[in-house]
Every structure is written in C-alpha cells, then in structure tokens.
Amino acid sequence: ADYGAAFFGNAMLGYLRWFHNFCQLTTVPDPDLLEKLESSGIQNLEVLGRGADTELFNPNRRSQALRDSWGASEAGTPVAIYVGRAAAEKDIPLALKAWQQAREKCPSLKMVVVGDGPVKKKLEAKWPEVHFAGMRYDEDLAAHYASADLFIFGSTSETFGNVIVEAMSSGLAVLTYDYAAGRQFVKDGENGYLAPLSDSEAFCQKAAEIAANLELIGNVRTAARQTAETYPWSRTIRRFSSLLLAAVSKQTQSAEIGILPAATSN
C-alpha cells in the first residue's frame, strides 16, 4: 500500500498460500501474524521468536565521541534515535514529529536517524536539525544505538521489528506501537513505552510525556537491557533447531505411510 500496489494483494496472497502449503514448516515471528496467516489458509505455521546479540548490542558501547558529533557534548544532553531503512513504510516522519513534540518539553533533545533508503534525501532536506548518520554496521551500529537514550520507532509495517530488541539490548528506552515486537517485549512504563497501534496523536503525546520526565527513564533503560538478556540469539537458534527436527520427523513419518506426493518423496 505504501508504494501504490495494494491491488496486487489478493494475487500475492494466493501465491504465498500455494507456495507455503507445499512446505513442511513456515516460521513466523509473531503470534498475531500466525493467526492472520492461518485465517488466510496458510498451513504448517510455527512461531519462532527473535532475540538480540546481547554481546554486540550492549550499553558498554556508548561513545562520547559520537555524542559530541551529534551536538550532545554537555553531560545530560538527551539523544533520541531511529534505526532502520529510510523507506515510506517505516513512517520516519512520525518518529520525527514525535521528537519535535518532545522537544517542546525538552528543548535540548537531539535526534539521530541511522539508515539509508529512497526517502533519506527528502527527509534530510525537510529536517535540517536532525543528524542523518546513513548506514552503519556491526560495532559501529551498536555504538550508535548505545550512544543514544531514547529509541523512537513508529512503523506499522513490521512483521516483528528486530531493531526494537536491539535498542532494548543497548539499554535504550523504547517508544513504539503496541504490536509485533513492541507487544511481545515492552511493558509500558516498566521497560519501555507503548502507544495504541496506529494512533499517531497518542504516539506523539507519549513522546512528549517521556521528554517531560526524562529523569525517570534510567530505571526503564536498565529494565530494557534486563529484558533483552533473557532473549539471546542462542535461545532462538535452539528453538529453530527443534522446529526443523520436528518438521523432518513429520516428513519421514508421512513418507513411510506413503502419503507424500511422488515428486516430494523421491
């Protein structure tokens, strides 16, 4: 829909249903998505959650040199950040509007956008006060996360949203919508902040409330890191391995009783 091709939706869904129903296993990252796909006739679905590389995305990677480059040299200067593709479906303008509204409560609040994509140049022209860092990778990306304080993510197009868990792992207070990774990992006011899905006014208002009480986010940031530590990638990998073994076992049993299509059983 973000690219004006919504009319392809039914045809694409039919193809995906045909394709995935030939598979022994299709994993999805979110229970709500699983329910939606099942209602569309897609079978053999299992939830495979996500985690974060808690060694890479770590509060210890905070860099004063980076903060200096963002204009946050003075102690206590807060920084908000967005990380992700600079594309229409990510609704970066909402994150920037939320930051703008938050600055009414905290004028010193800086904003950093990490990522590249088709709308980056347009955003740079419209928001000259925002620091656009472009694409960042590995330790450099981790340092960008950890050097901020508040993560603002207003996309409603995510099947999960790995950046939310990465931000939490980096010790950031996350503001996002109540769905996908936000719904799975964030408890509003405890380890992050949630706004009702697609309610942009509430999203911006929540940003302003956070900015008006920045002295309270220290405990939220600590709790965010603690949450991420309970979902390391190793846990996800073990779950994936068990799902693969179960799918292979199911296929083997089907072959033994001769119910697989000939093309599949050979």
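Residues numbered from 1 in each chain as written. Predicted model: local features only at pLDDT ≥ 70, side-chain atom pairs only at ≥ 80, totals over all residues. Heavy atoms only, no water.

Q: Provide a residue-level description of the pattern of salt bridges, including the pertinent values.
A: Overall, the coordinates contain eleven salt bridges when judged by the stated rule. The salt bridge partner of R183 is D178, with a shortest N-O separation of 3.3 Å. In this structure, E229 and R225 form a salt bridge, with 3.0 Å as the shortest nitrogen-oxygen distance. Taken as a pair, E229 and R225 lie in helix α10 (residues 217-229) at a separation of four residues, close to a single helical turn. The exposure class of E229 is partly exposed, given its relative accessible area of 43%. The exposure class of R225 is buried, given its relative accessible area of 13%. Salt bridges sharing partners connect three or more residues here, namely R62, R67, D149 and R221. (Salt bridge = Lys/Arg side-chain N within 4 Å of Asp/Glu carboxyl O. Helix = DSSP H or I, 4+ residues; strand = E, 2+ residues; numbered from the N terminus. Buried < 20%, exposed > 50% of the residue type's maximum accessible area, 1.4 Å probe, protein only.)

Q: Let's hear about unusual backbone geometry: which residues, and what values?
A: Notably, D91 is not glycine yet its phi reads approximately 50°, a positive angle. Within the secondary structure, D91 sits in the loop between β3 (79-83) and α4 (92-103).

Q: Give me the lowdown on the packing of α4 against helix α9 (residues 200-212), citing residues and values where you can.
A: Close contact between α4 and α9 brings their axes to 8 Å; oriented N to C, the two are set at 40°. The angle between the axes of α4 and α9 places the two elements in the oblique class. Like other packed secondary-structure pairs, α4 and α9 cross with a definite hand, here right-handed. Across from L94, K97, A98, Q101 and A102 in α4, the residues of α9 making contact are S200, F203, C204, Q205, A207, A208 and A211. Along the lines of polarity and charge, the residues of the contact of α4 with α9 split into eight nonpolar, three polar and one charged. (Axes fitted to C-alpha atoms, helices over the stretch in contact; angles between N-to-C directions. Parallel < 35°, antiparallel > 145°, perpendicular 65-115°, else oblique. Left-handed = near helix turned anticlockwise from the far one by under 90°. Contact = heavy atoms within 4.5 Å. Nonpolar A, V, L, I, M, F, W, Y, C, P; charged D, E, K, R; others polar.)

Q: Go over the sheet that holds β3, please, and point to the residues and values.
A: The strand order β5-β4-β3-β6-β7-β8 describes an open sheet built from six strands, whose pairing is parallel. One side of each edge strand has no neighbouring strand; the edge strands of this open sheet are β5 (131-134) and β8 (193-195). Recorded for the sheet is a direction-independent mean angle of 20° between the axes of neighbouring strands. With five bridges joining them, β3 and strand β4 (residues 110-114) adopt parallel strand pairing. (Pairing = 2+ DSSP bridges.)

Q: Lay out the packing of aromatic side chains with the relevant residues and their values.
A: A ring pair, where both rings are aromatic, is described by two values, the distance of the centres and the angle of the planes. By the definition in use, this model includes eleven aromatic pairs. Here the aromatic rings of W18 and F22 are separated by 5.5 Å at their centres, their planes lie at 75°, and the arrangement is edge-to-face. This pair shows no difference in class: W18 is exposed, exactly as F22 is. Relative to Y231, the ring of F185 has its centre 4.7 Å away and its plane inclined at 75°; by these criteria the two rings are edge-to-face. Pair noted here: F185 is in helix α8 (residues 180-185) and Y231 is in the loop between α10 and α11 (233-256), with a separation of 46 residues, a long-range link. Every member of this aromatic cluster is reached through a ring pair, and the members are F57, Y82, Y145, F151 and F153. (Phe/Tyr/Trp six-rings, centres within 6.5 Å; stacked < 30°, edge-to-face > 60°.)

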